[in-house]
Every structure is written in structure tokens, then in C-alpha cells.
Amino acid sequence: MAGASAVLSDDSLISRLDHSLLRVERVFVLVAGIFAFMLMFLAVISVTGRNLFNEPLRGYVDWIETLMPLIAILGVSYVQREGGHIRMDILIGQLKGRPLWLAEFVTTLAIFLVIAALVYGTWAHFDRSFDLSKPLWSRDSTIDIGLPLWPAKLVVPVAFFVMSLRLILQLIGFGRAFVLGLESPAAVPLVQSVAEQAAQEAEHISGRD
């Protein structure tokens, strides 16, 4: 399962690259949040129109179809950075030192290989949809109001590409920790104990009062 994680920073190059990529990831998360709000706003318009004027928002399902990838995919790299993706910590949580960093490196490498394949496949899927010679540059569109699908399809390989950059940084971080025998490396998610999670939450709450 996913546990709370901490990402440490220092003056190393990998830490600076981590923060540079984090700025991009935060923009992606912000964009996803904005479009999630827009989707709720469209739902209110559609329900209000149906109840008051017997005329729901035309193409509501089409808008959901095109906005959903932005909401679902754009935050995937940020969650990876924070160690928030679902995983089994029963074994890895018992490891310390080099065995832990080796296990993290191997699992992160496996994720990277999958994401690299997904970047290639999703880009090919986008490329099949995009055509400058077609109306709205699209070979396919939604059924109701004819929204072009290529923008939604482009979001997926872009988000996965950013995640692949995040995974490369984490591979370097875990590999560096393994070679140097570091206890708390920078730029990688460090799994926290229950006591550490509670202390961090208490500090966060007290800091906001």
C-alpha cells in the first residue's frame, strides 16, 4: 500500500534538478485542479439547464471525455515524486541501507520501462489522431458536438514523459544512495514510520495556527 513519504533536499545537483522538475509537476497539478473545477462547473450548468429550462448542456458527455485525461493523468509524476502511488511496503518497509536502495532501484527501473513503453504507445495513438490537413487538425472527434480528440490524447504522452524524467532522477538518487551507502538520500521518497507521519502532521497543523 502507499505510505506517507518525505523527500529531502540538499545542495547537490540532483536535488536542484528535483526542485526544477517539481515546479513543472506543480503546474501540471494546478492545471488538473482547474479542469476538475471546470468539470464540476459544467455539471452544475447541465443540471440547472435540465431542471429549469429542460435543456441540459449540449455535449456534456463530450466535454467529460476530453477533460478527463487532464484530470486523471497530469498529476501522475507529482504523486510519484511524493511516493504516493499504491505499492506493497510489507517487504521493502523491513529493509534498511543498501538492500533498501537496491530494491527501490529495481522496482523504479521496472516502472520506468513500463512508462517508456507507454510514452511510445500513447504518442503513436496521438499521432494517429492528429492531422493538419483535417478540420480542427483531427482525424477523429467526439460523437455529439464534434470536439477534436487529439488535445486529450496529447496530454497522456506529455504527462508520461514528465514522469519518465522523474523516474530517471529517482533511479539516479537510489543508485547514488546504494553506491555511497547513504542513509537519507535527497530527491527520492523516503517511507516514514507511523510515528514520523504523526509528528509531521502535528508540526504541519501547529504551523498553520
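Source: prediction; values computed, not measured.

(A) Quick peek at the overall build of the protein chain. In terms of helices and strands, the protein chain carries six helices and two strands. Its helices and strands in sequence order give the protein chain the pattern β-α-α-α-α-α-β-α, from N to C terminus. Taking all 209 residues of the protein chain together, 35% fall into the buried category. Here the analysis covers contacts within the protein chain between residues at least 6 apart in sequence; of these, 73% occur between residues at least 24 apart.

(B) View of helix α5 (residues 150–180). For α5, built from 31 residues, the straight-helix expectation of 45 Å at 1.5 Å per residue is met to within 8% by its first-to-last C-alpha distance of 45 Å. Among the residues trailing α5, Gly181 stands out with phi positive, at a value near 65 degrees.

(C) Fine view of helix α1 (residues 13–53). Given a rise of 1.5 Å per residue, 41 residues ought to cover 60 Å, and the 59 Å separating the end C-alpha atoms of α1 matches this to within 8%. Count one or two residues on from α1 and you reach Asn54, which has phi positive near 55 degrees.

(D) Molecular detail of the layout of surface pockets. The calculated volume of the second largest pocket comes to roughly 290 Å³. Of all the secondary structure elements, the ones that give two or more residues to the lining of the second largest pocket are α3 (76–81), α4 (97–129) and α5. Counting residues per element, the lining of the second largest pocket draws most heavily on α4, at four residues. Classifying every residue of the lining of the second largest pocket gives nine nonpolar, seven polar and two charged.

(E) A look at the side chain of Thr142. By secondary structure assignment, the location of Thr142 is in the loop between α4 and α5. Residue class for Thr142 comes out buried when judged on its relative accessible area of 4%. Within the structure, Thr142 has its side chain in polar contact with the backbone nitrogen of Gly146 (distance 3.3 Å).

(F) Here's a closer look at unusual backbone geometry. In the Ramachandran plot, Leu136 falls in the positive-phi region, its phi being about 60 degrees despite a non-glycine side chain. Note on placement: Leu136 falls in the loop between α4 and α5.

(G) Structural detail: the packing of α4 against α5. Where α4 contacts α5, the two axes come as close as 8 Å, and the packing angle between them is 160 degrees. Taken together, the axes of α4 and α5 are roughly antiparallel relative to one another. Helix-helix and strand crossings are classified by hand; for α4 and α5 the assignment is left-handed. Taken together, the residues that form the contact of α4 with α5 break down as 26 nonpolar, seven polar and three charged.

(H) Broad picture of the pattern of salt bridges. According to the stated counting rule, one finds six salt bridges in the structure shown. Where Arg139 meets Asp131, a salt bridge forms, and the shortest distance between an N and an O atom there is 3.1 Å. Take Asp131: its relative accessible area is 14%, and that puts it in the buried class. The salt bridge partner of Lys153 is Asp140, with a shortest N-O separation of 2.7 Å. Residue Lys153 is located in helix α5, and its partner Asp140 is located in the loop between α4 and α5; the two are separated by 13 residues in the primary sequence. Residue classification places Asp140 among the partly exposed residues on the basis of a relative accessible area of 25%.

Rules used in this analysis
Residues numbered from 1 in each chain as written. Predicted model: local features only at pLDDT ≥ 70, side-chain atom pairs only at ≥ 80, totals over all residues. Heavy atoms only, no water. Helix = DSSP H or I, 4+ residues; strand = E, 2+ residues; numbered from the N terminus. Buried < 20%, exposed > 50% of the residue type's maximum accessible area, 1.4 Å probe, protein only. Contact = heavy atoms within 4.5 Å. Expected span 1.5 Å × (residues − 1). 1 Å grid on protein atoms, 1.4 Å probe; cavity = no way out; pocket = protein on both sides within 12 Å on 5 of 7 lines; lining within 4 Å. Points joined across faces, edges and corners; volume = space filled by probe spheres on them. Nonpolar A, V, L, I, M, F, W, Y, C, P; charged D, E, K, R; others polar. Polar contact = N/O pair within 3.5 Å; in protein donor to acceptor, adjacent residues only side chain to side chain. Axes fitted to C-alpha atoms, helices over the stretch in contact; angles between N-to-C directions. Parallel < 35°, antiparallel > 145°, perpendicular 65-115°, else oblique. Left-handed = near helix turned anticlockwise from the far one by under 90°. Salt bridge = Lys/Arg side-chain N within 4 Å of Asp/Glu carboxyl O.

Spatial relationships are all this shows, so hold off on functional conclusions.
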